[in-house]
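# A structural walkthrough
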Amino acid sequence: MTARIIDGKAFSAKVRAEVATGVAALKASHGITPGLAVVLVGEDPASQVYVRNKGKQTVEAGMASFEHKRDTSITEDELLALIDELNADPAVHGILCQLPLPTHIDEARVINAITPEKDVDGFHISNVGRIATGQDAMVPCTPLGCLMMLRDHHGSLSGMNAVVVGRSNIVGKPMAQLLLRDSCTVTIAHSRTTNLAEVCREADILVAAVGRPEMIPGDWVKPGATVIDVGINRLDNPPGSEKPTRLVGDVHFESAAAVAGAITPVPGGVGPMTIACLLANTLVSCCRANGADAPSGLTA
Ligand code: NDP
């Protein structure tokens, strides 16, 4: 079997176009422009690239983008005061605080200071609880992107066996909650799981969110399964290669693609969906704040 490649680049472009249409409709019906504020503390080059891309795609979708860059010397109280300002700003419908924050700042305290309705990253404790109890919530962007791709591929996920490898608060746990909400039978695996290979072989849907390059080989994949590879790992190329490094996922792509029914590549799978879902969450937040209907395909 050769798996169908789930093209996250193409799918994310579709989601961003849907967001842009929703933004235009909201402007026409309510005269409101959704706004996303991104807070970046420090000079981390990777974070700067992410923030730049987010800003660019926010504007391309017709939304307002507000960037708040601060030096690493900012105190926790000063950062909390900035979050308070953004919470109160009616032009801001989504607030994202780029992680990681410097070690002298309590990340959980900052995240939980964001108004839950504006918490477009979906990390606020109230959103975590709302997802777990099946209420409308801001859903973390990466798991939301995975869910959208799965729904697009399968239609209904009801009754499927889903295995999520990884139990982080930002990917593994919310992914498992979303799959449960869609009536999958869900197993969460982690570093202490025994017989991981056997657990994975039971999966109709296998989500890998570990951060270990190519650790899941093709013979852990059930024939015909759908494999969602969240991992992003940078490996060195052999000397003399055209590029010094390459990105790989947590799944060994070639061997898994020979067995799976469908698979997301790395790069070009889950990654591009994350920013698209951030834009979707900002639009949804703005719609909810203004009593407008959010486009149904953009929510969990
Ligand atoms: P974390 O490091 O927070 O969590 C990793 C999880 O993997 C943990 O639950 C850990 O288990 C588990 N794990 C580690 N080793 C093993 C093992 N040998 N067998 C089984 N489970 C194991 O990572 P994140 O969830 O933040 O990210 C996971 C990956 O996804 C990374 O590669 C990251 O770069 C990528 N990512 C991609 C995004 C995207 O936009 N595409 C967004 C966010 C993340 P335990 O809890 O027991 O330690």
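Moving on to the pairing of strand S8 (residues 226–229). Alternating residues of S8 divide into Thr226 and Ile228 and Val227 and Asp229, and every residue in both groups is buried. Bridging between strand S7 (residues 205–208) and S8 involves 4 bridges; their strand directions are parallel. Paired with Ile205 across the strands is Thr226, a residue of S8. Bridging between S8 and strand S11 (residues 262–263) involves 2 bridges; their strand directions are parallel. In the strand pairing of S11, Thr226 is matched with Ala262.

In this section: the state of the cysteines. Between two cysteines, a covalent bond joining their sulfur atoms is known as a disulfide. Using the criterion set out here, one finds 0 disulfides in the structure. Considering cysteine sulfurs only, Cys141 is the nearest to Cys97, which forms no disulfide, with 14 Å between them. There is no disulfide at Cys287, and the cysteine sulfur nearest it, in Cys286, is 6.1 Å away.

Once that is clear, we can look at the domain arrangement of the protein. By a widely used convention, the size of an interface equals the accessible area lost when the partners come together. Segmentation of the protein into domains returns domain 1 (30–117) and domain 2 (141–272). Domain 1 and domain 2 are separated by 29 Å when their C-alpha centres are compared.

Inspection of the secondary structure assignment puts Arg16 in helix H1 (residues 8–30). What Arg16 contacts, discounting residues up to four positions off in sequence, is Gln57, Glu60, Ala276 and Leu279.

It is worth spelling out the nonpolar core at this point. One finds Val19 and Leu179 to be the most contacted residues of the largest nonpolar core, which totals 55 residues. The set of elements that each furnish at least two residues to this core consists of H1, strand S2 (35–41), helix H6 (141–154), strand S5 (161–165), helix H7 (172–181), S7 and helix H10 (270–289). Tallying contributions element by element places H10 first for this core, with 11 residues. When residues of this core are assigned to domains, at least three map to each of domain 1 (30–117) and domain 2 (141–272).

Here the focus is the sheet that holds S2. In space, the 3 strands of this open sheet follow the order S3-S2-S4, with parallel pairing throughout. Lying at the two open borders of the sheet, with one neighbouring strand each, are strand S3 (64–70) and strand S4 (94–97). Put simply, the sheet's adjacent strands are angled 15° from each other on average, direction ignored. Where S2 meets S3, 7 bridges bridge the pair, whose relative direction is parallel. Opposite Val41, over in S3, you have Arg70 as the bridge partner. Docked against the sheet, helix H2 (residues 45–60) engages S2, S3 and S4, running at close to 160° with respect to S3. Its contacts with the sheet put helix H3 (residues 76–88) on S2, S3 and S4, and the angle it makes with S2 is roughly 175°.

Cut-off values and rules
Residues numbered from 1 in each chain as written. Predicted model: local features only at pLDDT ≥ 70, side-chain atom pairs only at ≥ 80, totals over all residues. Heavy atoms only, no water. Buried < 20%, exposed > 50% of the residue type's maximum accessible area, 1.4 Å probe, protein only. Helix = DSSP H or I, 4+ residues; strand = E, 2+ residues; numbered from the N terminus. Pairing = 2+ DSSP bridges. Disulfide = S-S within 2.5 Å. Domains from an automatic or database assignment. Contact = heavy atoms within 4.5 Å. Core = buried A, V, L, I, M, F, W, Y, C linked by side-chain atoms within 4.5 Å. Axes fitted to C-alpha atoms, helices over the stretch in contact; angles between N-to-C directions.

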